[in-house]
Amino acid sequence: MKIKSSGPRSAFRYPSSAYDQKSAMIFIAPMMLVLSVVAVFPILYSFWISLFDLKLSRPHRAPFVWFDNYVHLFQDPMFWTSVWRTTSFTVVSVACIMLIAMLMAILLNEEFRGRRILSAVLLVPWAIPYVANGLMWKWIYDSSYGALNGLLLQLGFIQKYIVLLGDVDKTLLLITNAFVWKEVPLATILLLVTLKSVRPDLYSAAKVDGANVWQRFIHITLPSLKPGFLLVMIYETMMAIRHFDLFFILTEGGPADASHVVAWEVYVETFRKLAFGTGAALAYIMAIVTFVLAFFIIRSMGKKL
């Protein structure tokens, strides 16, 4: 009677015994412990802080107030103003990023001379740290020697240098421009990778059927980009909602609270007013809103993929 050997491959498909499962858990345990210490504990602890009226100006007197910090925030007009500005910044930023990244991805998906050089240049904004990016745009927007003022003056759009970041109507758009410039390269890469997965024979068959460029774009390119659009929308929405660096470097929430977004409100409450309880509550609200938005984006767009 011959005993059929399962071969070396089957030994690695499933754990051969409960002992193997226990061994795997032992090896995973240190990483889970580190993750709990550096991620889970701070999240739970910050929520616990949000239930106290904790201020560093009186650290020894921090009464437990339950959800009063959250109620106070919802009753604060400045909170709703910051929510509106954050929403405007997020919607405009994500829309511009997706549009520009789509056009760049379609361009880089074609074969032409200098494509590799253009791809390398495209990565430059993405490689620049956010602080350096903010300082660069602060110099570009400067009212005394800024490059943008010089360009507008040479083209005849303005008669003298103007304080660009001092205009309440232009400030948020200028910050949006700096944010979009930084985020477009990564979004382009994600959409370009998605485009590379489209079979060329689909375009060939469409040409044979008489479809023009616009029809091929609508019926082949756009549907094929849906997974990339989903990933870009989720990532860029999260980045825009919690973005802080450019608001801090360029305007510090000004002028006249024109760029006072939720992330800046968290900074003001926590590090200027030293109200750690209110700051933690704000951070939790922002995190929950980000999670809910990501969930609904995945749920709504995922069904159409």
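This section reports on the structure supplied with the text. Predicted, not measured: the structure shown is a model, and the values here were computed from it.

Observations concerning the pattern of salt bridges
Then comes step 1: A full pass over the atoms with the stated rule returns 6 salt bridges.
Then comes step 2: A salt bridge links Glu 252 to Arg 272; the nearest nitrogen and oxygen atoms lie 3.3 Å apart. Placement of Glu 252 in the loop between α12 (245-251) and α13 (262-272) and of Arg 272 in helix α13 is noted, with a sequence separation of 20 residues between them.
Then comes step 3: Here Glu 252 falls in the partly exposed class, since its relative accessible area comes to 43%.
Then comes step 4: Salt-bridge contacts for Lys 273 lead to Glu 269; the nearest nitrogen and oxygen are separated by 3.2 Å.

A look at the nonpolar core
Then comes step 1: Membership of the largest hydrophobic core comes to 56 residues, with the highest contact counts inside it found for Phe 89, Phe 179 and Leu 191.
Then comes step 2: Here this core gets 11 residues from one element, more than from any other, and that element is helix α8 (residues 171-196).
Then comes step 3: Those residues in contact with Phe 89, other than ones at most four positions away along the chain, are Leu 172, Ile 175, Thr 176, Phe 179, Ala 240, His 243 and Phe 247.

Things to note about the side chain of Thr 176
Then comes step 1: Its location among the elements puts Thr 176 in helix α8.
Then comes step 2: A polar atom in the side chain of Thr 176 sits 2.7 Å from the backbone oxygen of Leu 172.
Then comes step 3: In this structure Thr 176 touches Phe 89, Val 92 and Ser 93, once residues within four positions along its chain are discounted.

Concerning the environment of Leu 173
Then comes step 1: Here Leu 173 lies in helix α8.
Then comes step 2: Assessed through its relative accessible area of 55%, Leu 173 is described here as exposed.
Then comes step 3: Sequence spacing of Leu 173 and Asn 69 is 104 residues, and the spatial spacing of their C-alpha atoms is 31 Å.

What counts and how
Per chain, the residues get numbers from 1 upward, laid out in the order the sequence is written. Per-residue local features of the predicted model are confined to residues with pLDDT of at least 70, and side-chain atom pairs are confined, for both listing and counting, to 80 or more; whole-chain, interface and lining totals are unaffected and use all residues. Based on all heavy atoms of the structure, the side-chain values leave hydrogens and waters out of the count. The term salt bridge refers to a pairing of a side-chain nitrogen on Lys or Arg with a carboxyl oxygen on Asp or Glu at a separation within 4 Å. A run of H or I in DSSP counts as a helix once it spans at least four residues, and a run of E counts as a strand once it spans at least two, with each numbered from the N terminus. Relative accessibility under 20% of the residue-type maximum defines a buried residue, over 50% an exposed one, and the middle range a partly exposed one, all with a 1.4 Å probe and only protein chains included. Among buried residues, those of type Ala, Val, Leu, Ile, Met, Phe, Trp, Tyr and Cys that are joined through side-chain atoms within 4.5 Å constitute a nonpolar core. The contact criterion used is simple: two residues touch if any of their non-hydrogen atoms lie within 4.5 Å. Whenever two N or O atoms come within 3.5 Å, that pair is a polar contact, provided that in protein one can donate a hydrogen and the other can accept it, and provided that, for residues adjacent in sequence, both atoms are side-chain atoms.

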